[in-house]
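These are the residues of each chain, in order.
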Amino acid sequence: MAQGLTLALPAAAQTVQVKRGKVNGFSFYQTIIDLTDPNTFITIGLANNATLANTHQKTSGDEEFNNLVARYRAAVVANGTFFAKNAQKTVMGNMVAAGRFIKYSQWENYGTTLGLRAGNKPEMMTARVDGKPEWNQHWLSITCGPRLLRRGQIWLKPDVEGFKDPGVLGTGARTAIGFPADGKKLFLINFDSGLTLQQEAQAMKAIGCYEAMNLDGGASKAFAANGKILVPAGRPLTNVIVVYDAKNPAPAALQQSWIRFQKGDRPIIPSA
């Protein structure tokens, strides 16, 4: 059974909750994001304020986590998806932020995708099992993995998803994201100590997730709330998950993009 204690954060106009919790012997920071709150906006931040994520063709490199936290001025900033150790620091998977593509390849079929559709309705799809996500219907889309839970059950098939890195498959420092069956919240979990994928999946189920997937971890594990770094990154990052709320309002451009998306303005798939 999960147990937690809310951090001493301002209660007024605070819609994103950050708690300390412990389950199955593993302690963690838990961010609870209310997807029904009109002041909640989730996006992906990129290193060096880039508009496109790193690919083999074009890269903006990486950036220190404290710089990212300072620039985005959000309720929560946390590490996002994997990126390669090559010179380009290529980011994994297709990505949509603020209703537009920041990375796209028609051949992308690795890992598992968390997408937010109109009305902040979350979905989780593993391309090689469920079929490719409709990325052009996502307000936000981030691909990572391996998947931990599928329809309320532990589901661990990293080989099917295309994962081979021992650092991902073994015991390691981990973060995860998921949502309960009603789809009204997102749970972003930053674990304090190393654990296996099986232990991570069991923990996410105990926390109350119906769908869940692993995010980047290891030296990339990082977490900040209300501008305070609670878990420092062990290396510069290429991408982060950024969450705004009433106390830490989203930039006007992001809010306007959300309105346009709700009215039917969908991401345009980039040409080859």
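Keep in mind it's a predicted model, so treat the numbers as computed, not measured. (Residues numbered from 1 in each chain as written. Predicted model: local features only at pLDDT ≥ 70, side-chain atom pairs only at ≥ 80, totals over all residues. Heavy atoms only, no water.)

This part covers the pairing of strand E3 (residues 26-34). In terms of burial, E3 is largely enclosed, as seven of its nine residues are buried. Here eight bridges tie strand E2 (residues 16-23) to E3, and the two strands are oriented antiparallel to one another. Bridge pairing links Arg20 to Tyr29 in E3. Connecting the antiparallel pair E2 and E3 is a turn made up of two residues, with Asn24 showing a positive phi of about 55°. (Buried < 20%, exposed > 50% of the residue type's maximum accessible area, 1.4 Å probe, protein only. Helix = DSSP H or I, 4+ residues; strand = E, 2+ residues; numbered from the N terminus. Pairing = 2+ DSSP bridges.)

Quick look at the packing of aromatic side chains now. Evaluation of the coordinates by the stated rule reveals eight aromatic pairs. Grouping aromatic residues by their ring pairs yields a cluster made of Phe41, Trp139, Trp258 and Phe261. (Phe/Tyr/Trp six-rings, centres within 6.5 Å; stacked < 30°, edge-to-face > 60°.)

Reading across the sheet, the five strands line up as E4-E18-E5-E16-E17 and stay open at both edges, with antiparallel pairing between neighbours. The open sheet has two edge strands with one neighbour each: strand E4 (41-46) and strand E17 (228-231). For this sheet, the mean inter-axis angle between neighbouring strands, taken without regard to orientation, is 25°. Of the pairings in the sheet, the one linking strand E5 (residues 76-79) to strand E18 (residues 239-244) comprises four bridges and is antiparallel in character. By the bridge assignment for E18, Asn79 is matched with Val240. Where helix H1 (residues 65-72) meets the sheet, its contacts fall on E4, E5, strand E16 (223-225), E17 and E18, and the angle it forms with E18 comes to roughly 30°. (Axes fitted to C-alpha atoms, helices over the stretch in contact; angles between N-to-C directions. Contact = heavy atoms within 4.5 Å.)

Now for the environment of Ile154. Secondary-structure assignment places Ile154 in strand E12 (residues 153-154). Here the alpha-carbon distance between Ile154 and Gln17, two residues 137 residues apart in the chain, equals 26 Å. Residues contacting Ile154, with those up to four places away along its chain left out, are Leu148, Leu149, Gln198, Ala201, Gln202 and Lys205.

Before going further, it helps to examine the UniProt feature "domain: Phosphodiester glycosidase" (unreviewed entry) in the chain. On the UniProt side, "domain: Phosphodiester glycosidase" (unreviewed entry) is annotated at positions that read residues 74-244 here. A helix fraction of 13% and a strand fraction of 37% characterise residues 74-244, whose end C-alpha atoms lie 5 Å from each other. (UniProt positions renumbered as here; feature names shortened; annotations may be inferred.)

Another aspect to go through is the pairing of strand E8 (residues 112-117). Burial within E8 is extensive, with five of its six residues counted as buried. Where E8 meets strand E9 (residues 121-126), six bridges bridge the pair, whose relative direction is antiparallel. Each residue of the ladder has a partner; that of Arg117, found in E9, is Lys121. Between E8 and E9, which follow one another and run antiparallel, lie three residues, and Gly119 among them has a positive phi close to 75°. For E8 and strand E10 (residues 140-144), the ladder comprises five bridges, and the chain directions are antiparallel. Bridging from a neighbouring strand, Thr113 pairs with Thr143 of E10.

What follows deals with the confidence of the model for the chain. Model confidence for the chain is summarised by a mean pLDDT of 93, while 94% of its residues fall at 70 or above. Confidence over residues 5-12 falls short of pLDDT 50; this stretch has 12 contacts with residues more than four positions distant or in other chains. (pLDDT = per-residue confidence, 0-100.)

Another point: helix H6 (residues 252-262). Among the residues of H6, Leu254, Ser257, Trp258 and Phe261 are the ones counted as buried. Take H6 and look down its axis: the buried residues cluster within an arc of 105°, on one side only. Just past H6, the residue Gly264 takes up positive phi, approximately 110°. (Arc of directions from axis to C-beta.)

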